[in-house]
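# Working through the structure, step by step
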Amino acid sequence: MGSANRLTNGQGRHPLFSFGVISDVQYADIPDGCSFIGVPRYYRHSILVLQRAVKSWNNLKNLNFAINFGDIVDGRCPKDQSVNAVNKVVGEFEKFNGPLYHIIGNHCLYNLPRDKLLPLLKIPNPRGGGHGYYDFSPTPEYRFVVLDGYDISAIGWPHDHPNTLEALEFLRRKNPNSNKNSPEGLEGLDRRFLMFNGAVGKEQMEWLDGVLQDATNLKQKVIVCCHLPLDPSASGQEALLWNYDQVMDVIHRYKCVKVCLAGHDHEGGHSIDSHGIHHRVLEAALECPPGTFAYGYIDVYDNMLSLVGTDRMKSTNISFHP
């Protein structure tokens with residue numbers, strides 16, 4: 001992960017900026033276990049993956065910021081340990097010598113409600129009300145749009161919150177199972193209608209449209225970030241945002257969006273959709289056996305992104321029209 005890689009991937013050019021990436025740490029001080037489909041999970045080792053990532057990012061000395069793509073503490077973390085566990089992981093992230101941006105994931109919300117989680121993660125909340133979507137521009141040429149995929153969700157909001165009630169009614173209509181985290185009997189893309197997923201709400205959709213219009217006016221290229229994947233070809237059906245299709249309809253109205261980055265589907269994935277937008281889902285830190293790792297950094301150029309991955313995070317070059 002040194003300068004030789006940077007020059008090779010950038011075709012001899014220096015990047016406009018670079019940033020660290022990691023997803024799905026899902027730390028918990030509990031014995032190793034498995035996912036609901038039997039994939040091994042290494043709850044205590046995952047924080048070692050994060051520590052290695054932060055050390056590596058700091059050693060590079062020229063990363064402008066880092067993004068955590070959600071799920072910092074696992075849902076199996078004992079609830080009386082949730083605050084301490086979140087603070088422990090946040091403390092490791094804050095050893096990074098630069099700005100950090102966090103994205104809300106479902107496991108974060110299993111542990112803490114939004115009103116406690118957002119301040120701990122220092123998630124910008126300019127509109128108030130506990131929303132976790134925001135944007136930022138590290139350079140004049142680029143803008144990052146961070147979506148809150150659990151805006152409409154049965155987790156994280158108070159039980160009587162309109163967003164909770166909307167999500168529960170949605171699940172009642174879309175998923176006939178008593179266990180709303182079970183895809184049993186659901187076919188194809190309908191398998192995404194599970195309680196551990198969520199949706200982008202109407203206000204956030206209008207905000208997204210406005211931000212993309214503004215980026216277009218400023219001739220900025222946009223990178224969209226969300227915990228939940230936005231393209232079926234980059235992800236398992238069970239991991240998709242409930243209304244990924246509506247979100248992509250908004251995104252496809254503009255030519256400024258070049259890449260969508262996500263976590264949640266621990267295997268990772270990469271696709272190019274019908275409008276030429278790249279979708280890259282990042283491999284999970286949680287599923288790294290001891291001695292292996294999954295993190296990386298991305299060099300950003302005028303017409304490409306170069307993800308330099310470590311171990312289980314696959315390096316990926318993403319080219320697009322400037």
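Residues numbered from 1 in each chain as written. Predicted model: local features only at pLDDT ≥ 70, side-chain atom pairs only at ≥ 80, totals over all residues. Heavy atoms only, no water.

The protein chain appears in an unreviewed UniProt entry as Manganese-dependent ADP-ribose/CDP-alcohol diphosphatase from Theobroma cacao. Regarding the protein chain, the UniProt comment filed under Subunit (unreviewed entry) reads as follows: "Monomer." What the UniProt record of the protein chain gives under Sequence similarities (unreviewed entry) is the line "Belongs to the ADPRibase-Mn family." (UniProt positions renumbered as here; feature names shortened; annotations may be inferred.)

The next thing to look at is the sheet that holds strand β12 (residues 294-300). Whether parallel or antiparallel, the strands of a sheet pair through hydrogen bonds between backbone atoms. The sheet built from six strands is open, its strands ordered β5-β4-β1-β12-β13-β14 with mixed pairing. The open sheet terminates on both sides in strands that have one partner only, identified here as β5 (100-102) and β14 (316-319). With direction set aside, neighbouring strand axes in the sheet form an average angle of 20°. As judged from the five bridges shared by strand β1 (residues 17-22) and β12, these two strands associate in the antiparallel manner. Considered in β12, the bridge of Phe19 is made with Ile298. (Pairing = 2+ DSSP bridges. Helix = DSSP H or I, 4+ residues; strand = E, 2+ residues; numbered from the N terminus. Axes fitted to C-alpha atoms, helices over the stretch in contact; angles between N-to-C directions.)

Tracing the backbone shows Ser235 in the loop between β8 (221-226) and α8 (244-251). Reaching out from Ser235, the side chain makes a polar contact with the side chain of Asp265 at a distance of 3.3 Å. If we skip the residues at most four places from it in the chain, Ser235 touches Pro229, Leu240, Asp265 and Val281. (Polar contact = N/O pair within 3.5 Å; in protein donor to acceptor, adjacent residues only side chain to side chain. Contact = heavy atoms within 4.5 Å.)

Here we come to unusual backbone geometry. The residue Asp24 is not glycine, and still its phi comes out positive at about 55°. When you line up the elements, Asp24 lands in the loop between β1 and β2 (33-34). Backbone geometry at Lys122 places phi at a positive 55°, although glycine is not the residue there.

In the numbering used here, UniProt assigns the "domain: Calcineurin-like phosphoesterase" (unreviewed entry) feature to residues 18-267. For residues 18-267, the helix share is 32%, the strand share is 16%, and the end-to-end C-alpha distance is 24 Å.

A few words now on the sheet that holds strand β10 (residues 269-272). A sheet is described by the order of its strands in space; here six strands give the open sequence β6-β7-β8-β9-β11-β10, paired in mixed fashion. In the strand order of this sheet, the two ends are held by β6 (134-139) and β10, each with one partner. Across this sheet, the average inter-strand angle for adjacent strands is 15°, counted without regard to direction. Across four bridges, the pairing between β10 and strand β11 (residues 278-281) is antiparallel. Within β11, the position partnered with His270 by the bridge is Arg280. Relative to strand β7 (residues 142-146), helix α7 (residues 202-217) is tilted by about 175°, and along the sheet it contacts β6, β7, β8 and β9 (257-262).

A few words on the pattern of salt bridges. In the structure shown here, the tally under the stated rule is 14 salt bridges. Salt-bridge contacts for Asp29 lead to Arg44; the nearest nitrogen and oxygen are separated by 2.7 Å. In this pair, Asp29 sits in the loop between β1 and β2 while Arg44 sits in the loop between β3 (40-41) and α2 (45-60), placing the two residues 15 residues apart along the sequence. What makes Asp29 partly exposed here is its relative accessible area of 41%. Across the pair Arg173 and Glu169 runs a salt bridge whose closest N-O atoms are separated by 3.6 Å. Note that Arg173 and Glu169 are positioned in helix α6 (residues 162-174) at a spacing of four residues, about one turn of the helix. Residue class for Arg173 comes out exposed when judged on its relative accessible area of 53%. For Glu169, a relative accessible area of 33% puts it in the partly exposed group. A single salt-bridge network, built from bridges that share partners, covers Asp135, Arg143 and Asp214. (Salt bridge = Lys/Arg side-chain N within 4 Å of Asp/Glu carboxyl O. Buried < 20%, exposed > 50% of the residue type's maximum accessible area, 1.4 Å probe, protein only.)

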